Each structure stands twice: as C-alpha cells, then as structure tokens.
Amino acid sequence: MEVRGPAAHNRPIRTNAWRRRATLRTIVFLGLALACPAAANVRLSGVRFPMRGTASLRITMRVVNSSVVPVKRLAQAETIAGQILGDAGVEVIWVDCAKEAPAGGTAHRCAQDRGPAEFWLHLLTRDPSNLHGDVTGFAVLPPLLRDGDGYAGVSYSMVEAAARSLDVEASYVLGATLAHEIGHLLLGARCHSPSGVMSPRLRLEQFRRAARGELRFTPGQAGQIRVEVARRMAR
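> How should I be thinking about the pairing of strand 4 (residues 90-96) in this particular structure?
Pairing of strand 3 (residues 57-64) with strand 4 involves seven bridges; the strand directions are parallel. The partner of R62 across the bridge, within strand 4, is V95. In the classification by handedness, the crossover that spans strand 3, the intervening helix 2 (residues 71-87) and the parallel strand 4 is right-handed.

> Can you help me understand the pattern of salt bridges in this one?
Side chains bearing opposite charge may pair, as long as their charged atoms lie close to each other. Enumeration according to the criterion identifies 10 salt bridges in this entry. Among the salt bridges present, the one from R58 reaches E91, with a minimum N-O distance of 3.1 Å. Linking R58 in strand 3 with E91 in strand 4, this pair joins segments that are 33 residues apart in sequence. Judged by relative accessible area, E91 falls into the partly exposed class, the value being 30%. Taken together, the shared-partner salt bridges connect E205, R209, R212 and E214 into one network.

> Would you mind showing me how to read the state of the cysteines here?
Here a disulfide denotes one covalent bond, and it connects the sulfur atoms of two cysteines. The full count for this structure, using the stated rule, is one disulfide. The disulfide partner of C97 is C110, and the S-S distance across this bridge is 1.9 Å. Residues C97 and C110 are joined through a disulfide that is left-handed, its torsion about the S-S bond being -80°. Placement of the pair is C97 in the loop between strand 4 and strand 5 (118-124) and C110 in the loop between strand 4 and strand 5, with a sequence separation of 13 residues. Here C97 falls in the partly exposed class, since its relative accessible area comes to 23%.

Criteria and thresholds
Residues numbered from 1 in each chain as written. Predicted model: local features only at pLDDT ≥ 70, side-chain atom pairs only at ≥ 80, totals over all residues. Heavy atoms only, no water. Pairing = 2+ DSSP bridges. Helix = DSSP H or I, 4+ residues; strand = E, 2+ residues; numbered from the N terminus. Right-handed = clockwise from strand over helix to strand, strands pointing away. Salt bridge = Lys/Arg side-chain N within 4 Å of Asp/Glu carboxyl O. Buried < 20%, exposed > 50% of the residue type's maximum accessible area, 1.4 Å probe, protein only. Disulfide = S-S within 2.5 Å.

Now the structure itself:
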C-alpha cells in the first residue's frame with residue numbers, strides 16, 4: 001500500500017474475492033516479501049547488549065482504542081508479542097491510553113510528549129479503505145526512520161476473521177501481528193524474512209509456535225532491533 005508522505009509497508013493482494021477467501025484459510029498476509037537492509041550488521045561502539053529476555057533495552061507502545069479487543073484477549077496478545085520482543089532482548093511496556101490519568105495531578109502518559117523509544121499502536125474498529133486482501137496490520141514509517149514518527153495499526157476484524165478461518169485463538173493471531181508490526185517500526189519496511197515473525201505471510205504453524213513461545217525474530221533481526229532500541233534510548 002502506498003500513501004502520500006510516510007509510506008505504509010503493506011499493499012493489497014491483487015486477486016479476486018474467491019482467491020482472497022481461499023488464501024485466508026491458509027495464510028495471513030502482512031506485507032511485501034523484501035529483504036532486510038544491511039543495517040542488520042551495524043555495531044554500536046560501547047553498547048553492551050543484554051542476553052535475551054533481560055530488560056536493559058525497552059520500548060513503550062501507547063495503545064489507542066483498546067476497548068476494541070476484549071480485555072483478556074488483549075492481555076494475552078500483548079504477552080505473546082512481549083515474549084517475542086523479549087526473546088530479542090527488548091522489553092515492551094504497554095500503556096493503555098483509555099485508562100484514566102494517575103492520581104496526584106500527573107498527566108496521562110499518552111498526553112505527554114513521546115520519547116524516541118515510544119510508538120503509537122492503533123486498534124481499529126473498521127478496516128481502512130486502503131487496507132485490502134488479508135492484511136491484519138500495517139506500519140506507517142517516515143523516511144529514514146525518524147524517531148517517534150512511525151506508528152502501527154491493527155484491524156481487529158481481520159484478526160478475528162483469520163482466527164476463525166484457521167481455527168486458532170484470536171489472541172495468537174493478534175499477538176503475532178503486534179510483534180510483526182513493532183518489528184517494522186524498529187527494522188523498517190524492507191525487513192521481511194522467509195521464516196519467523198517477520199515472514200510476510202504467517203501460517204497456522206507459526207501461530208501455534210507463537211502460542212508455545214517459539215515464534216521469534218531471526219538472529220540478524222534481533223541484533224538489529226537491539227541496535228535500534230539502544231540508539232533511541234541513548235538520545
């Protein structure tokens with residue numbers, strides 16, 4: 001999908017309605033099959049990366065319109081996505097923008113200026129008109145990955161449709177989609193891989209792997225994510 005200004009990484013599947021339905025039975029389309037840039041080999045002098053699962057590196061996701069998803073299902077999906085990012089060495093802090101501000105006059109986190117390692121995540125009640133085919137989520141990325149400008153969106157109706165078609169829990173589909181789109185926010189648009197969470201098409205087995213805590217970024221992607229998060233946190 002192409003838009004003016006910042007470009008989303010997904011585009012429609014150019015196929016008729018019958019093939020879209022048939023495709024949905026076996027795969028969930030998340031974007032273009034493009035290779036990661038060479039930035040995966042970047043090293044930062046003086047930066048010590050944590051072992052997987054540690055919390056030295058972290059990002060914050062500001063979740064908008066959380067009421068779209070049942071509370072328990074969203075919590076399960078955030079746990080799955082958090083485990084996938086945690087396995088890459090990055091902690092995810094989820095901030096529900098629908099909740100009231102804390103007591104004591106402190107402004108709600110979502111009303112404060114964003115830091116370089118904070119992103120918006122929009123949960124959509126309606127599919128955007130330019131979101132076609134079997135796309136469950138998208139990421140809008142600024143040129144050159146300017147800090148704080150990107151955001152992600154997830155079509156919950158498409159998540160539910162995919163889950164029904166594949167006969168899996170919607171939380172598995174949602175969790176994998178969240179991790180995939182966060183991956184794009186940190187890795188860029190041209191970062192799909194033949195396997196793992198950044199595959200452009202996630203199949204039934206991959207959702208099962210997500211449920212078992214076995215769906216991951218590739219080692220190269222995980223390294224690049226740590227580099228990017230460390231760079232943002234150092235600002």
